[in-house]
Amino acid sequence: MLSCHDLNARYGVAHVLFDVSLELRAGRVLSLLGRNGAGKSTLLKTLMGLLPAHSGTVAFEGRRIDGLPPWHVARLGLGYVPEERRIFVDLSVQDNIEVGERAGSPWTRERLYGIFPALREFRKRPAGLLSGGQQQMLTVARTLAGGPAVLLIDEPTEGLAPVMVQTLESVMAQLKREGQTMLVAAQDLRFALSIADDICVMNLGRVVHACSGDDARADAARLRQLFTL
Ligand SMILES: Nc1ncnc2c1ncn2[C@@H]1O[C@H](COP(=O)(O)OP(=O)(O)OP(=O)(O)O)[C@@H](O)[C@H]1O
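The structure presented is a predicted model; accordingly, all values stated were derived computationally and were not measured.

*Asks:* Mind showing me how you'd approach the sheet that holds strand 5 (residues 63–64) here?
*Replies:* By way of backbone hydrogen bonds, the strands of a sheet pair with one another, either parallel or antiparallel. With antiparallel pairing, the 4 strands of this open sheet are ordered in space as 2-1-4-5. A strand with exactly one partner marks an edge of an open sheet, and here the two such strands are strand 2 (14–24) and strand 5.

Okay, structure coming up:
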């Protein structure tokens, strides 16, 4: 469904992604693991067209999308939840979701409220009054409201209290059960393993290991080693 091949990306003269290739299949969750600075965020930005690919290709549903502007990539069906939560703090929770809504999205507001009950409860509140974890949920819900075929999420558990991490984990598991295709960048090995069908480990801008989630869960110690290279 979404793939890249020999992707290279730079910030100015700094070469950050090196020949990255991966494939995300429909209905699956790919966890992109790597410690700080491994290149996960840069990869998501490059897939979205927020950072131009220096070389290599990105394809979505059989069509080249590298070189397209981010709004076009989003319209084709890629939804991006950046690491920093970009909610409209003065708008209500409901209005924030409405901003993301697109006609024909399978993720109707009622369905989203079913998955994120706290958002239903606080729907009239200004979004700026939500906790960090609830703001993270709102960002995910707003992106889903646009009906993305693929959801790209950057470090969803970063900076959240353990109880919120658990909530988010069960939300992501439910999204997965409902067939949402996802690419999830994470440093949290336990979280990444809990939802992954497939795993890619990045280090210093390269994919250093790729395997199935089942293989990774069977030998988490080896994965931890690779991950901390
Ligand atoms: N805007 C930028 N300009 C220059 N270098 C950058 C920029 N953003 C990131 N980098 C560098 O690119 C490399 C990859 O960073 P990236 O943020 O993609 O890693 P990451 O795996 O997502 O880690 P993190 O979890 O810290 O975001 C790092 O060496 C980082 O310092």
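Now, onward.
*Asks:* How do you make sense of the pairing of strand 8 (residues 181–186) when you look at a structure like this?
*Replies:* Across a regular strand the side chains alternate sides, sitting on one face of the sheet and then on the other. In terms of burial, strand 8 is largely enclosed, as 6 of its 6 residues are buried. Bridge count for strand 3 (residues 29–33) against strand 8 is 5 bridges, and the pairing is parallel. Bridge pairing in strand 8 links Ser31 to Val184. Relative to strand 8, strand 7 (residues 150–154) runs parallel, the two sharing 5 bridges. Bridge pairing links Asp154 to Ala185 in strand 8. In the classification by handedness, the crossover that spans strand 7, the intervening helix 7 (residues 162–177) and the parallel strand 8 is right-handed.

*Asks:* Teacher, can you tell me more about helix 6 (residues 132–145) here?
*Replies:* Residue pairs spaced three or four apart in an α-helix point in one direction, given the helix's 3.6 residues per turn. Taking 1.5 Å of rise per residue, the 14 residues of helix 6 would be expected to cover 20 Å, and the 20 Å separating its terminal C-alpha atoms lies within 8% of that figure. Burial analysis of helix 6 places 13 of its 14 residues in the buried class, the great majority of the element.

*Asks:* How should I be thinking about the packing of helix 3 (residues 93–100) against helix 6 in this particular structure?
*Replies:* When two helices pack together, their arrangement is captured by the angle between the axes and the distance separating the axes. Taken N-terminus to C-terminus, the directions of helix 3 and helix 6 make an angle of 35°; their axes are 7 Å apart at the nearest point. Helix 3 and helix 6 meet at a crossing whose hand is right-handed. For the pair helix 3 and helix 6, the contacting residues are Val93, Asn96, Ile97, Val99 and Gly100 in the first and Leu138, Ala141, Arg142, Thr143 and Ala145 in the second. Of the residues belonging to the contact of helix 3 with helix 6, the class tally is 6 nonpolar, 3 polar and 1 charged.

The rules we used
- Residues numbered from 1 in each chain as written.
- Predicted model: local features only at pLDDT ≥ 70, side-chain atom pairs only at ≥ 80, totals over all residues.
- Pairing = 2+ DSSP bridges.
- Helix = DSSP H or I, 4+ residues; strand = E, 2+ residues; numbered from the N terminus.
- Buried ≥ 20, exposed ≤ 12 C-beta atoms within 10 Å, placed from the backbone.
- Right-handed = clockwise from strand over helix to strand, strands pointing away.
- Expected span 1.5 Å × (residues − 1).
- Axes fitted to C-alpha atoms, helices over the stretch in contact; angles between N-to-C directions.
- Left-handed = near helix turned anticlockwise from the far one by under 90°.
- Contact = placed C-beta atoms within 7 Å.
- Nonpolar A, V, L, I, M, F, W, Y, C, P; charged D, E, K, R; others polar.

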